[in-house]
There are 2 protein chains.
Amino acid sequence: MLLILATNNQNKLREIREMLSDTALNVCGQREAGIDLAVEENGTTFAENAAIKAQAIFDLQSAKKQNCYVLADDSGLCVDALDGAPGVYSHRFAGEDATDAQRCEKLLSLMKAVPRAQRGAHFACAMCLIAPDGTQYAVEGRVDGCIGYAPHGENGFGYDPVFEINGRSFAEFTAEEKNAVSHRKRALEQVVALLMQQSL
Amino acid sequence: MLLILATNNQNKLREIREMLSDTALNVCGQREAGIDLAVEENGTTFAENAAIKAQAIFDLQSAKKQNCYVLADDSGLCVDALDGAPGVYSHRFAGEDATDAQRCEKLLSLMKAVPRAQRGAHFACAMCLIAPDGTQYAVEGRVDGCIGYAPHGENGFGYDPVFEINGRSFAEFTAEEKNAVSHRKRALEQVVALLMQQSL
């Protein structure tokens, strides 16, 4: 059976393909599935945004009478001292066309006066799985850390250079190290468990 | 000296007038100051929204060559289990035209499966004060509690019926009880301290 992932990101595709290798699912990205769709992510929570994306693609593939699963995710950084911001605004935090470096810079600037003990933050990843019968399943994974005082490291993307666990930034983690603890990994594990229960 | 409050809310006006009664400041709402301005609150944090409102009004009054302070606030509810949502979306959580009851209902529905120990939440209130010379000061107050399982109480507004402290909802607090601990009160206290330092 086919699982359409609501993304064109090759890294995400590879990661989920590996995790689902024990199932009989064939994972493909939305472009490979012939879907050219840009959905407005105007939800107020990560879970809402994931559901909006998954449902939009399910409605399309359903119209085409394909019998398959659809999986979408939405993720972001939530900083305690900023009341959970940037949150669902993570990608638009410094404006639509800003770079990762500009987003990190804005975040560090807002956190300038925040003492170390109050710099807690977490990455969250919500996933929405829609089964062929239209049933929606929602899961969420998170990883806790804190915001550093300057960007460090060359790996990863997004806010990774300023998100630290035990003094090392996510951008200093190898891909393997990050995948072992990441919010996306933890959400995916729950999706895999759900799919296993469906006895594929 | 005049302090223009970036609101037309009579409750907020009365509250801040009382708190500033020991200063030589004359507090008026934006309508009383002859300002008819609707600002788009498109910030990604409470602090940004407060600053956007305060600056818009300061720029107007400055143009009119009034020599005065401007104060604006932005506030909302941040729920731990929802990664800080509704946050800056607090007023638009269930759509632009939804009622307080609909917002509470949507929140409770999202929290249906969340156990008591994970229902932590806080109200946050950011304030931006702009001095006559254009200097911006930012403060924030918060009050911690948790989300109940059903709305309770008739007082207050917004999410008060579902925000609980020691088993009582904010809508069951009297106005005096709420003002004594509220996020807005705690932010205002810091504003008062700032104004005192300016030896008015």
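Refer to the structure above for everything that follows.
Every chain is numbered independently, its residues counted from 1 as its sequence is written. For this description, chains carry letters from A and ligands carry numbers from 1, given in the order in which they are written. Given that the model is predicted, a residue must reach a pLDDT of at least 70 before its local features are reported, and side-chain atom pairs must reach 80 or more before they are shown or counted; all residues, however, enter totals for whole chains, interfaces and linings. Hydrogens are left out, water is left out, and the side-chain values use all remaining heavy atoms of the structure.

Remarks on helix α2 (residues 46-63) of chain A
Residues and elements named next belong to chain A.
Phase 1 of the analysis: Compared with the 26 Å implied by 1.5 Å per residue over 18 residues, the 26 Å span of α2 between its first and last C-alpha is a close match.
Phase 2 of the analysis: Throughout, exposure labels follow a simple rule: accessible area from a 1.4 Å probe, protein chains only, divided by the maximum for the residue type, with under 20% read as buried, over 50% as exposed, and the rest as partly exposed. Per the convention used, a helix needs a DSSP run of H or I reaching at least four residues, while a strand needs a run of E reaching at least two, with both numbered from the N terminus. Within the span of α2, buried status applies to Phe-46, Asn-49, Ala-50, Ala-51, Lys-53, Ala-54, Ile-57, Phe-58 and Gln-61.
Phase 3 of the analysis: At its buried positions, α2 is contacted by β1 (2-5), β3 (68-79), β4 (120-130) and β5 (136-147).
Phase 4 of the analysis: Looking one or two residues past α2, Lys-65 carries a phi angle of roughly 60°, positive in sign. To estimate the expected span of a helix, subtract one from its residue number and multiply by 1.5 Å. Here, two residues are considered to be in contact whenever any of their heavy atoms come within 4.5 Å of each other.

A few points about the relation of the copies chain A and chain B
Phase 1 of the analysis: Here chain A sits on chain B after a turn of 180° about the axis and a move of 0.0 Å along it, with an RMSD of 0.1 Å. One copy is carried onto the other by what is essentially a two-fold rotation axis. Measuring from the rotation axis to each C-alpha of chain A, the shortest distance belongs to Gly84(A), at 2.2 Å.
Phase 2 of the analysis: Both copies contact each other with a shared surface, as 94% of the interface residues of chain A are interface residues in chain B too. The copies were overlaid with a least-squares fit restricted to C-alpha atoms from residues scoring a pLDDT of at least 70 in each copy.

Some points on unusual backbone geometry
Residues and elements named next belong to chain A.
Phase 1 of the analysis: Backbone torsion omega between Ala-85 and Pro-86 reads 0°, so that peptide bond is classified as cis.
Phase 2 of the analysis: Among the structural elements, Pro-86 can be located in the loop between β3 and α3 (100-110).
Phase 3 of the analysis: The residue Asn-166 is not glycine, and still its phi comes out positive at about 50°.
Phase 4 of the analysis: Secondary-structure assignment places Asn-166 in the loop between β6 (163-165) and β7 (168-169).
Phase 5 of the analysis: Asn-166 gets classed as exposed once you look at its relative accessible area, which sits at 79%.

So, the environment of Phe170(B)
All names here are of chain B.
Phase 1 of the analysis: Mapped onto the secondary structure, Phe-170 falls in the loop between β7 (168-169) and α4 (175-181).
Phase 2 of the analysis: Counting along the chain gives 169 residues from Phe-170 to Met-1, while the straight-line C-alpha distance between them is 35 Å.
Phase 3 of the analysis: Leave out the neighbours within four places in its chain, and Phe-170 touches Phe-123, Val-143, Asp-160, Phe-163, Ile-165, Lys-178 and Val-181.

Focus: the state of the cysteines
In protein chemistry, a disulfide is the covalent bond that joins the sulfur atoms of two cysteines.
All names here are of chain B.
Phase 1 of the analysis: Two cysteine sulfur atoms form a disulfide, by the criterion used here, when they sit within 2.5 Å. Scanning all chains against the criterion turns up zero disulfides over all chains.
Phase 2 of the analysis: Unpaired in terms of disulfides, Cys-28 finds its nearest cysteine sulfur in Cys-68, a separation of 7.5 Å.
Phase 3 of the analysis: Cys-68 gets classed as buried once you look at its relative accessible area, which sits at 1%.

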